[in-house]
Structure formats: structure tokens, C-alpha cells
Amino acid sequence: MNEFGKIDLHMHTTISDGTDTPEEILARVKEAGIGLFSVTDHDAIKSSRIIPHLLRDGDPCFLPGVEFSCKDEEGKYHILGYGYDPDAAAIQSVVAHGHQLRMKKVTARLDFLRSEFGFTFPEEELAHLLAQDNPGKPHIGNLMVKYGYAETKEEAIQRYIDRLHFRSAYIRPEEAIEGILGAGGIPVLAHPSYGSGDQLILGDDMDRRIRRLMEYGLKGLEGFYSGFTGKLSRQILSFAERYGLYVTAGSDYHGKNKLVALGDTGLDDTADPPAGLRGFLRDVAERAAASRDSGSDAGEETGRR
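**Thoughts on the overall build of the protein**
Next, step 1: Of regular secondary structure, the protein possesses 10 helices and 8 strands.
Next, step 2: Relative to its length of 305 residues, the protein is compact, with a C-alpha radius of gyration of 20 Å against a globular reference of 19 Å.
Next, step 3: Overall, the C-alpha framework of the protein stretches about 65 × 55 × 35 Å when taken along its three principal axes.
Next, step 4: Residue burial in the protein is summarised as follows: out of 305 residues, 51% are buried.
Next, step 5: When contacts within the protein are restricted to residue pairs at least 6 apart in sequence, long-range pairs at least 24 apart make up 74% of them.
Next, step 6: For the protein, the exposed surface amounts to about 14,500 Å²; the carbon and sulfur share of it is 48%.
Next, step 7: Between the centroid of the 36 positive side chains of the protein and the centroid of its 48 negative side chains there is a distance of 4 Å.

Here it is in C-alpha cells:
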């Protein structure tokens with residue numbers, strides 16, 4: 001058993017496409033008995049500034065997180081970042097670029113829905129949508145359901161929104177990895193078996209993808225995930241062992257926007273974790289200890305003054 005007990009390193013708040021605020025997700029994390037958690041909002045690090053100020057003695061250990069939506073000539077990737085300094089210019093630059101691209105896509109999707117299908121929304125609804133931290137397809141889908149253009153958010157996305165394709169409105173994976181590393185963080189490939197849409201990446205295809213991302217500085221793989229079968233997890237764990245990569249575990253919880261339970265990672269927290277996960281947790285523990293020591297030193301310095 002690992003020193004943190006139950007862990008979940010992949011979840012989303014209202015800052016991206018979840019339905020829980022940072023305050024609410026902290027309460028749910030505690031209710032679920034999770035000992036180590038990370039909020040990985042899409043292209044956003046605001047939660048990593050908010051949550052540390054909410055924590056009290058005895059609360060679970062929090063690890064700053066982010067999930068960058070990336071694409072290049074080889075396909076789509078979601079790159080997770082952990083343990084970074086949210087004040088570092090390196091990661092702030094990537095976040096700013098990601099937000100710019102995300103807003104460009106939201107506007108293009110709204111224009112597409114209006115021109116192709118005649119779907120329009122009140123100006124106050126559009127203003128509210130565009131004022132959110134990181135609006136995306138789920139936000140537009142919920143709006144379509146509200147105004148009767150689709151029965152469900154899933155139908156709205158699959159039948160209408162996803163008919164508009166973007167070639168270049170994404171962060172490149174090397175940019176995301178470089179930004180995470182530049183901020184002292186750990187870049188990890190999220191759900192490595194899943195690509196664009198229903199694409200399933202296995203065997204040699206996954207091997208090539210992992211090795212190419214390692215050239216940019218990738219340090220880990222999400223080996224335990226709510227959507228994985230045991231067979232998929234074992235394959236990813238074998239790659240992590242082969243290349244000496246960290247392993248992480250995450251549910252991809254989105255609150256009411258996704259039928260995934262908080263803490264549902266597929267990881268048996270009572271069993272001995274694989275080497276890659278042990279290494280990751282050891283790194284996290286060292287970072288937490290360094291952070292505590294830094295805070296203690298700062299307090300002593302303040303006292304001396």
C-alpha cells in the first residue's frame with residue numbers, strides 16, 4: 001500500500017468542464033477518503049492557486065495539476081502536468097496560448113452551429129458562456145439542450161458540434177511538455193490508449209507515440225484510468241517499466257458532466273503499487289516535504305525580522 005492511501009490525480013472543476021467548484025471538489029475528495037489528489041483542469045491552472053488556500057490541517061495532500069489538449073501531425077494528445085510552480089512564466093505562457101486557442105474554437109463552433117443548422121442563442125447566454133474560464137464543447141452542448149436543439153449533451157456534441165474539425169487550433173505536445181518542465185513540473189501522457197474520437201492506440205503505435213513524446217521530455221504515463229480494462233492498464237504499465245517512466249492514476253471525474261465517480265481509477269490502493277507509481281509518489285512526497293521546509297524557513301525568517 002502506498003503512503004497516501006487512495007489517490008486520484010485526474011479531475012476537473014468548473015474552471016474547465018466539470019460541474020464542481022474547487023471548494024466543492026475538495027469537499028468531495030475528503031468524503032471519498034482520497035489521500036492525494038490533483039485537479040487537472042483543461043488548459044487552466046487557476047485551481048492550483050485556489051485550492052492550497054482552502055486546505056486545513058488533516059486535509060488530503062494536494063498536487064498542482066493541469067491537462068493540456070494537444071495536437072500535431074501525428075494526432076491528438078492530452079498532456080498532464082503535476083507539481084509545477086503556478087507562478088512560473090513557462091507554464092503561464094502555455095496556459096495563455098491554450099486559452100486563446102480555446103476561445104477561438106468556441107467562437108468558431110458557435111458560428112458553425114448558426115450558419116449550418118440555424119442554432120442561435122440569446123445574447124446574455126453567449127456573454128455568460130464566453131465569460132467562463134475555459135468554455136468548451138460540453139458548455140455549448142448543455143446550452144443546445146437548454147434551448148431544445150438536442151436531447152442530450154452527448155447528442156449535441158456527436159451529431160452537431162463535432163462536425164466542425166480544426167487542423168491547427170491546438171497546443172503542440174512539445175510546447176506543453178516544455179512549459180511543464182520549465183515550471184519544475186512532471187509531464188505525463190493522459191490515458192495513452194485513447195486518441196481522437198474512438199481511436200484506440202495499442203502496441204507498436206503506442207510505442208512510437210511514447211518514444212516520440214519522450215524525446216520532448218515526457219516523464220510518465222497514466223497507467224490507471226477509469227476507462228481502462230485490465231489489459232489496457234497492463235500494456236501501459238509494461239511500457240512504463242520498459243522506458244523507466246513514472247505511472248499515475250486518475251478517474252477523469254467531471255461531476256455531472258461525465259458518468260465517472262471520483263476515485264474510480266482502477267488502482268487497488270491496498271496492493272503494492274508498481275515501480276513507476278512508487279517512484280512518482282516518492283517524488284511527490286519529497287516535493288511536499290521541501291514545500292513544508294520552505295514554509296517553515298520563511299516563517300522563521302519572518303520571526304527573525
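That was the structure; now back to the text.
**What to know about the environment of V145**
Next, step 1: Within the secondary structure, V145 sits in helix α5 (residues 137-146).
Next, step 2: The class for V145 is partly exposed, based on a relative accessible area of 30%.
Next, step 3: Separated by 66 residues in sequence, V145 and R211 place their C-alpha atoms 42 Å apart.

**Points about the confidence of the model for the protein**
Next, step 1: Looking at the protein as a whole, the pLDDT averages 92, with 95% of positions reaching at least 70.
Next, step 2: Low pLDDT (under 50) marks residues 301-305, which in the prediction has 0 contacts with non-local residues, meaning those over four places away or in another chain.

**Considerations on the packing of helix α3 (residues 89-117) against helix α4 (residues 123-130)**
Next, step 1: Where α3 contacts α4, the axes come no closer than 11 Å and their chain directions differ by 155°. Regarding the angle of α3 to α4, the classification is roughly antiparallel. For α3 against α4, the interelement crossing comes out right-handed. Where α3 abuts α4, its residues M103, V106 and L110 lie against L126, L129 and L130.
Next, step 2: Tallied by class, the residues present in the contact of α3 with α4 amount to 6 nonpolar, no polar and no charged.

**So, the pairing of strand β2 (residues 34-37)**
Next, step 1: In this sheet, β2 lies alongside strand β1 (residues 6-8) in parallel orientation, the contact comprising 3 bridges. By the bridge assignment for β2, K6 is matched with I34.
Next, step 2: Bridge analysis of β2 against strand β3 (residues 61-62) gives 2 bridges, and the strand direction is parallel. Bridging across to β3, L36 finds its partner in C61.

**Quick word on α5**
Next, step 1: Turning to α5, its buried residues are P138, H139, I140, G141, L143 and M144.
Next, step 2: Buried residues belonging to α5 abut α3, α4 and α6 (153-160).
Next, step 3: Two residues or fewer after α5 comes G148, characterised by a positive phi angle close to 75°.

About the cut-offs
Residues numbered from 1 in each chain as written. Predicted model: local features only at pLDDT ≥ 70, side-chain atom pairs only at ≥ 80, totals over all residues. Heavy atoms only, no water. Helix = DSSP H or I, 4+ residues; strand = E, 2+ residues; numbered from the N terminus. Rg over C-alpha atoms; globule rule 2.2 N^0.38 Å. Buried < 20%, exposed > 50% of the residue type's maximum accessible area, 1.4 Å probe, protein only. Contact = heavy atoms within 4.5 Å. Areas by Shrake-Rupley, 256 points an atom, 1.4 Å probe, with all protein chains shown as cover. Lys, Arg positive; Asp, Glu negative; His and termini not counted. Charge placed at Lys NZ, Arg CZ, Asp CG, Glu CD. pLDDT = per-residue confidence, 0-100. Axes fitted to C-alpha atoms, helices over the stretch in contact; angles between N-to-C directions. Parallel < 35°, antiparallel > 145°, perpendicular 65-115°, else oblique. Left-handed = near helix turned anticlockwise from the far one by under 90°. Nonpolar A, V, L, I, M, F, W, Y, C, P; charged D, E, K, R; others polar. Pairing = 2+ DSSP bridges.

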